[in-house]
There are 2 protein chains.
Amino acid sequence: MKEFTPEYLDQIRDIIDRRNDEEARAALADLHPADIAELYQDLDLSEAEYLYKLLEDETAAEVLMELDDDDRLKLLDDMPAEMIAKQIDHLDTDDAVDLIQQLDEEDRDDILARIDDVEQAGDIIDLLKYDEDTAGGLMGTEMLVVNENLSMPECIKELRTQAEDMDEIYYVYVVDNDYKLRGVLPLKKLITHPSVSKIKHVMEVDPACVKADTPIDEVAHDFEKYDVVAMPVVDSIGRLLGRITVDDVMDEVRESSERDYQLASGLSSDVDADDSILAQTKARIPWLLIGIASGILASIILSTFEAQLEAVTALALFIPIIGGTGGNVGVQASAIVVQGLANGSLDVREFSRQLGKEVLVGLLNASIISSVILVYNLIMLPSQLAVTLSVAVSLFAVVMFATLLGTIVPLTLEKLHINPALATGPFIQISNDIVGLLIYVGIATWFLKIFGL
Amino acid sequence: MKEFTPEYLDQIRDIIDRRNDEEARAALADLHPADIAELYQDLDLSEAEYLYKLLEDETAAEVLMELDDDDRLKLLDDMPAEMIAKQIDHLDTDDAVDLIQQLDEEDRDDILARIDDVEQAGDIIDLLKYDEDTAGGLMGTEMLVVNENLSMPECIKELRTQAEDMDEIYYVYVVDNDYKLRGVLPLKKLITHPSVSKIKHVMEVDPACVKADTPIDEVAHDFEKYDVVAMPVVDSIGRLLGRITVDDVMDEVRESSERDYQLASGLSSDVDADDSILAQTKARIPWLLIGIASGILASIILSTFEAQLEAVTALALFIPIIGGTGGNVGVQASAIVVQGLANGSLDVREFSRQLGKEVLVGLLNASIISSVILVYNLIMLPSQLAVTLSVAVSLFAVVMFATLLGTIVPLTLEKLHINPALATGPFIQISNDIVGLLIYVGIATWFLKIFGL
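All residue numbers refer to position in the chain's written sequence, counted from 1. As they are written, the chains are lettered A onward and the ligands numbered 1 onward, keeping that order. The model is predicted, so local features are restricted to residues of pLDDT at least 70 and side-chain atom pairs to those at 80 or more, both for listing and for counting; the totals for chains, interfaces and linings are taken over all residues. Computation of side-chain values: all heavy atoms of the structure, hydrogens and water removed.

A.B. asks: Quick question: what am I supposed to make of the sheet that holds strand β2 (residues 171–175) of chain B here?
C.D. replies: Paired through backbone hydrogen bonds, the strands of a sheet run either parallel or antiparallel to each other. All names here are of chain B. Read across the sheet, four strands follow the order β1-β2-β3-β4 without closing on themselves; strand pairing throughout is mixed. Since the sheet does not close on itself, it has two edges, and those belong to β1 (144–147) and β4 (204–205), each with one partner. A pair of strands is labelled paired if DSSP reports no fewer than 2 bridges between them. Put simply, DSSP marks the helices as runs of H or I at least four residues long and the strands as runs of E at least two long, and each gets a number from the N terminus on. By the bridge criterion, two bridges tie strand β3 (residues 181–186) to β4 in an arrangement that is antiparallel. Opposite G183, over in β4, you have V205 as the bridge partner. Here a residue-residue contact requires only that any non-hydrogen atoms of the pair lie within 4.5 Å. The axes used here are C-alpha line fits, helices contributing only the stretch in contact, and every angle between their N-to-C directions lies in the interval 0 to 180 degrees. Against the sheet, helix α12 (residues 152–163) contacts β1, β2 and β3, and its axis sits at roughly 150° relative to β1.

Following this line, the structure appears as structure tokens:
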């Protein structure tokens, strides 16, 4: 990880202030595009723009893709359509599609029309048709493709032409005359097998591949399972459409787990530590207001209980433990389901098996917890038997209920194709708070009657 | 993603029951090692063991690495040391090290001594010395290495010897006479540059690399930044030690975000949806008991407040809203810090800047929330002005406190090199519950005095 020292940044700022193009170019030449992108984050927009204009087109395009979404949009905002089109021409098609999807709808056609390379523009237009959350939305068209009937030397000759302006190439995809995917040839084999045999006898047949409409999380799962660094994408009858690279999949894995974590933490929209105060508040206030609404609901429930609270004030002491325990239990149960669904160790078809298991885990937890509070209260509040029994029985019921809700809700959301992570965190916390209170109020009222209080 | 139908599984079980080696071998021949590993999860241990013994050594080793940790250990438990040693001989050194680290300490030396290939055993022993959480702990020694002074044809000849029994190769690492890393040669260049020039004129100089003691999260960050599929590892003076592959990094990214999520959800140890009921309870009960202890503490705090509760029962109605809001605010603030630290958008050196920002976000949230509850209570409980003011002022204080604690605790843990995710979820929830109640009790007591109640 490159660290920019304050001294280095001062030097760069000094060069920019003096508008010394030559020195600036020399400083940038030493840096990887990803490092230039990182440097921009330490500079003002006008400083970054000055440096950006000095870059060669290809480097400029790479830097653009390495920037944060926000920084990229700022830079693009001030850029003429002509220049954006030129950058896109230098990008891999999958990156180009990502970039175009960030632009305003009305700007897109204008920019696409300005791309010099018509083939590149056509590929991009085709790729834009795929759903963002599928293999098709993640793929690019830059790949080495050869016919299965070529000989190895013919193949190498063909590859030299194709590979000219491709950056990172790890596999050659082998197709038949109908462009159906037949096999994969790791580049390594081109070096270790300099034979005159036909490609189809050297290639690996039946390669791991995905259909264009495969959901992204399944694509990620396949990459992890087969340990590949790129995977071909085919249409419904097996014709080769494009390829997905591992860096895009890794971004996806990180982003989707970040999204789950944020949902579970009560953040309603994608927000980062370096976002503005307003953006931060906007992401947080919805769940907080829902929390307040549920707190008000809780106060209404408790107000129906005011007579009992007046008669036995000790009942009020255990309001926090009821809600807190329900929340903790529900978050645990739902986190296990959400994570199991994400990493494939749980399948939504195992609904009833998982539920049965959770009932047993719930019974075990509920017994331990109720026993602890029962013993504590018997010793510490010997005169309050009605309260003691109300609390112990309520906790047992709350733990069981929270366990079931924490299992059922995310599994149901998954069945409905809604992100199950939405069910963890505030949602489960809040619903358990409310239901927990209802349980407590009901059970305590009953015990008070029995004890004639 | 391969799905095994019940019919297919019945067929396989039937073959196993009849102990028909030939048919079983034929069925396995069609499957990728990763698919065989998945099949095992649907079979009994004895069935899986029968199939496992039919595999060729190399496939068997690959299947072993694709299994879940639990399933792998079960299979290894019944395997003679001789056989384990043979499997390890077929694994890449990084996988071999992972496997050996799972074995009992006393078995390790015995197995290492039985490995036929002494060089492989030596490499493994060297690798075992590195800390698991560093680049050294993740690297393997299988790589193509050539001297910078070779010509391209010499290099290709050299590679044919080296690459013979390596699976996946994407780069050639170029070293000087002291074995210091000088450059990287993507395999693609060997095909597109069939020149007679020396390697050092074709290679990419100054390649992205990591030192052996670089922490794993920085390694992952570098992979994502530079979009590479493998990265060389060097010692403190730049000599090449090994390489890290992207599949191991991707596992790391997923595992570390799963770990964060679990810690944030109050799961004290690594647990999966398909783990046993006892394992599940063991992972959950610690935080639940801590929650119960804090609930008891809350009841003690409230008992000092019993006189006021008896005088003004309406005060009890707002106990849930105080704790709930503190918890929600704390979880949000800490999740943003934890995630910012994990994805690099926040640096622990920006402690005071982040804190200043959170103060402003907190003030905004606190103002909105207090106003909402103030207006609600003024309208709904017009006769309870003391309660209304107590709740509104307490909520303001609780939101500010929870925001600060949610920011300070994870940043402090990060400084102390403790996983900051530990600070989110139950910890922040519980401490905010307690402090929230103390604030509420204090402020309400003061208002009651002012109003002479």
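A.B. asks: Explain the packing of helix α19 (residues 319–343) of chain B against helix α22 (residues 426–450) of chain B to me, please; I cannot follow it from the model alone.
C.D. replies: The description of two packed helices rests on the angle between their axes and on the distance between the axes. Residue and element names in this part refer to chain B. Orientation of α19 relative to α22, taken along the N-to-C sense of each, is 135°, at an axis distance of 8 Å. It follows that α19 is oblique to α22 by the angle criterion. The hand of the α19/α22 crossing is right-handed. On α22, the residues touching I319, I322, G323, G326, G327, N328, G330, V331 and S334 of α19 are I428, Q429, N432, D433, G436, L437 and Y440. Across the contact of α19 with α22, the residue classes tally to six nonpolar, nine polar and one charged. When describing relative orientation, an angle under 35 degrees is termed roughly parallel and one over 145 degrees roughly antiparallel, while 65 to 115 degrees is termed roughly perpendicular and anything else oblique. Helix crossings are classified by the rotation of the near helix relative to the far one: an anticlockwise turn of less than a right angle makes the crossing left-handed, while a clockwise turn makes it right-handed. Classes in brief: Ala, Val, Leu, Ile, Met, Phe, Trp, Tyr, Cys and Pro nonpolar; Asp, Glu, Lys and Arg charged; the others, Gly included, polar.

A.B. asks: For this particular structure, what's the right way to read the pattern of salt bridges?
C.D. replies: Salt bridges are defined by distance alone: a side-chain nitrogen of Lys or Arg within 4 Å of a carboxyl oxygen of Asp or Glu. Summed over all chains, the structure comprises 41 salt bridges over all chains. Note that D35(A) is salt-bridged to K225(B), the shortest N-O span being 2.6 Å. Of the two residues, D35(A) sits in helix α3 (residues 33–40) while K225(B) sits in helix α15 (residues 216–226), which places them in two different chains. K225(B) shares its class with D35(A); the two are buried. With a shortest N-O distance of 3.8 Å, D71(B) and K74(B) are connected by a salt bridge. On the criterion of helical spacing, the pair formed by D71(B) and K74(B) is a turn pair, its members being three residues apart in helix α6 (residues 69–77). Here the salt bridges share partners, and the residues they tie into one network are D92(A), D94(A), E142(A) and R243(A). Throughout this description, buried means an accessible area under 20% of the type-specific maximum (1.4 Å probe, protein chains only), exposed means over 50%, and partly exposed covers the range between.

A.B. asks: Which parts of the structure should I look at to understand the nonpolar core?
C.D. replies: Residues belong to one nonpolar core when they are buried, are Ala, Val, Leu, Ile, Met, Phe, Trp, Tyr or Cys, and are joined through side-chain atoms within 4.5 Å. If you look at the biggest cluster of nonpolar residues, it comprises 152 residues, and the most contacted ones within it are Y40(A), L51(A), I244(A), Y40(B), L51(B) and I244(B). In this view, I244(A) contacts A135(A), L138(A), M139(A), V210(A), V219(A), F223(A), V229(A), A230(A), M231(A), V233(A) and V249(A); residues no more than four positions away in its chain are not counted. Counting 80 residues, the second largest nonpolar core, distinct from the first, contains L302(A), L448(A), F318(B) and V399(B).

A.B. asks: What is the right way to look at the environment of Q102(A) in this model?
C.D. replies: Residue and element names in this part refer to chain A. Looking at the element boundaries, Q102 is found in helix α8 (residues 93–102). Considered as a pair, Q102 and L76 are 26 residues apart in the sequence and their alpha carbons are 9.9 Å apart. Once residues within four sequence positions are removed from consideration, Q102 is found in contact with D69, R72 and L73. In terms of polar contacts, Q102 uses its side chain to reach the side chain of D69, at 3.2 Å. As used in this structure description, the phrase polar contact means that two N or O atoms lie within 3.5 Å; if the pair is within protein, one of them must be able to donate a hydrogen and the other to accept it, and residues adjacent in sequence are counted only when both atoms belong to side chains.

A.B. asks: Looking at this model, I keep getting lost on the confidence of the model for chain A. Mind explaining?
C.D. replies: Chain-level pLDDT for chain A is 89 on average; 99% of the residues reach the 70-or-more range. For this predicted complex, the interface score ipTM comes out at 0.82, alongside a pTM of 0.83. Every residue carries a pLDDT, the predictor's confidence in it, which falls somewhere between 0 and 100.

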